[in-house]
Amino acid sequence: MKEEIIKIKENSIKEIKECKKEKELNELKIKYLGKKGELTVVLRGMGKVSPEERPIIGSLVNEVRDELETLIQEKEKEFKKKELQEKLETENIDITEPSKKIKLGSLHPITQIIHEVEEIFLGMGYEIADGPEVEKSIYNFDKLNTPPDHPARDLQDTFYITEDIVLRSQTSPVQARVMEKQKPPIKIICPGAVYRSDSVDATHSPVFHQIEGLVVDKNIAMTDLKGTLEMFAKKCLGENTKIRFRPHHFPFTEPSAEADVSCFVCGGKGCRVCKGEGWIELLGCGMVHPSVLKNCGINPEEYSGFAFGFGVERIAMAKFGIEDMRLLYENDVRFLKQF
Ligand code: DAH
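Residues numbered from 1 in each chain as written. Predicted model: local features only at pLDDT ≥ 70, side-chain atom pairs only at ≥ 80, totals over all residues. Heavy atoms only, no water.

Chemist: For this particular structure, what's the right way to read the overall build of the protein chain?
Modeler: The helix and strand tally for the protein chain stands at eleven helices and ten strands. Each principal axis of the C-alpha atoms in the protein chain carries an extent, and together these give about 115 × 50 × 40 Å. Expressed as a percentage of contacts within the protein chain between residues at least 6 apart in sequence, the contacts between residues at least 24 apart total 66%. A total of about 20400 Å² of accessible surface is found on the protein chain, and carbon and sulfur atoms cover 52% of it. Distance between charge centroids for the protein chain: 5 Å, based on 50 positive and 57 negative side chains. (Helix = DSSP H or I, 4+ residues; strand = E, 2+ residues; numbered from the N terminus. Contact = heavy atoms within 4.5 Å. Areas by Shrake-Rupley, 256 points an atom, 1.4 Å probe, with all protein chains shown as cover. Lys, Arg positive; Asp, Glu negative; His and termini not counted. Charge placed at Lys NZ, Arg CZ, Asp CG, Glu CD.)

As structure tokens, then:
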């Protein structure tokens, strides 16, 4: 048996040393060390060996196996090295070849407008506030002086999660949240998504975006509101933009107004963008109603404030000349990459 093992050892060493290909080496590995390999078969015959000789034969087989394994590993390394060497010699990579262009996306037009408006108000010393889109109806309505029988609270107008939780229908609830937490002076804007139970058409969507503004301090007057909005309109829509105020009603402001801007396409003469009016309706605004201040823990005898709110889509559509609001939500790259 000993001779048999030594013969296997000699043959295998010779074959491994002479072997030229990785495939051949794998075959030799199976031939000698595999489950049915020659060494393994010898081990199976150990039953016939006398008990005294058994440990000697056993350790001889182990020795041979170790030796073959090391030899095979070395040979494998050698092959790998050779392969790499050949690759380096034959392959050439042109590192000066221009790479594939990476297509970069762009910010969505709505995001662009939000950023632009944020920049303008940050420049005027405002902070940016945030509030939940799933909102308690007490913030969306009650604290804002909008009583339970107000039409805005109708199921036709507002999405209800439960009886007292809604998808906020305006960004105005953020006003109440900020006033409850922060003592005046307050100067914030709040951009965000709002939801209304509207069906989709060219100018309506059940989800759209608003930007809310709120200033509360001592001695804030309607003139501050007008000056602020005029400044904003000029910065956002062009230096020649004029602004006009029309009386209006909102539950949370008194007095309330709607503000229009002169058409920044035709300058007020009348065109397609302003539908021949010369003016474009921009936003709702007013002086914060004393009850709203009181509801949010601010003394209306001591403080006053103004607020405003406008739709981002409307500004994006006017500024970029987009005629159908649905385009803004379809995420068609052919449309989006124009901005
Ligand atoms: N929340 C109003 C709306 O969605 C817009 C608005 C009007 C906001 C007047 C205000 C405001 O802050 O003072 O129609």
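Chemist: Help me understand the domain arrangement of the protein chain, please; the structure alone is not making it clear to me.
Modeler: As a measure of interface size, the accessible area lost when the parts come together is often cited. Annotation of the protein chain at the domain level lists domain 1 (2–90) and domain 2 (109–336). Taking only C-alpha atoms into account, the centre of domain 1 sits 82 Å from that of domain 2. (Domains from an automatic or database assignment.)

Chemist: Would you mind showing me how to read the sheet that holds strand β9 (residues 279–288) here?
Modeler: Sheet strands associate in pairs through backbone hydrogen bonding, adopting either a parallel or an antiparallel arrangement. Judged by pairing direction, the sheet is mixed, and its seven strands sit side by side in the order β1-β5-β6-β10-β9-β8-β7 without closing on themselves. This sheet does not close on itself; its edge strands, each paired only once, are β1 (127–128) and β7 (243–250). Packed on one face of the sheet, helix α5 (residues 109–123) meets β1, β5 (186–195), β6 (207–217) and β10 (304–311) and runs near 170° to β5. The sheet strands contacting helix α8 (residues 222–237) are β7, β8 (253–262), β9 and β10, and the helix crosses β10 at an angle near 30°. (Pairing = 2+ DSSP bridges. Axes fitted to C-alpha atoms, helices over the stretch in contact; angles between N-to-C directions.)

Chemist: Whenever I open this one, the pattern of salt bridges confuses me. Can you help?
Modeler: Pairing is possible between side chains of opposite charge, provided their charged atoms come close. Evaluation of the coordinates by the stated rule reveals 18 salt bridges. One salt bridge connects Lys75 with Glu78, and the closest N-O pair in it is separated by 3.8 Å. With a gap of three residues between them, Lys75 and Glu78 both fall in helix α4 (residues 54–90), about one helical turn apart. The shortest N-O distance in the salt bridge between Glu135 and Arg177 comes to 2.7 Å. Residue Glu135 is located in strand β2 (residues 134–136), and its partner Arg177 is located in helix α7 (residues 173–181); the two are separated by 42 residues in the primary sequence. Among the residues examined, Arg177 registers a relative accessible area of 24% and is labelled partly exposed. Among the ionic contacts, a cluster of salt bridges with common partners joins Arg244, Arg246, Glu258 and Asp260. (Salt bridge = Lys/Arg side-chain N within 4 Å of Asp/Glu carboxyl O. Buried < 20%, exposed > 50% of the residue type's maximum accessible area, 1.4 Å probe, protein only.)

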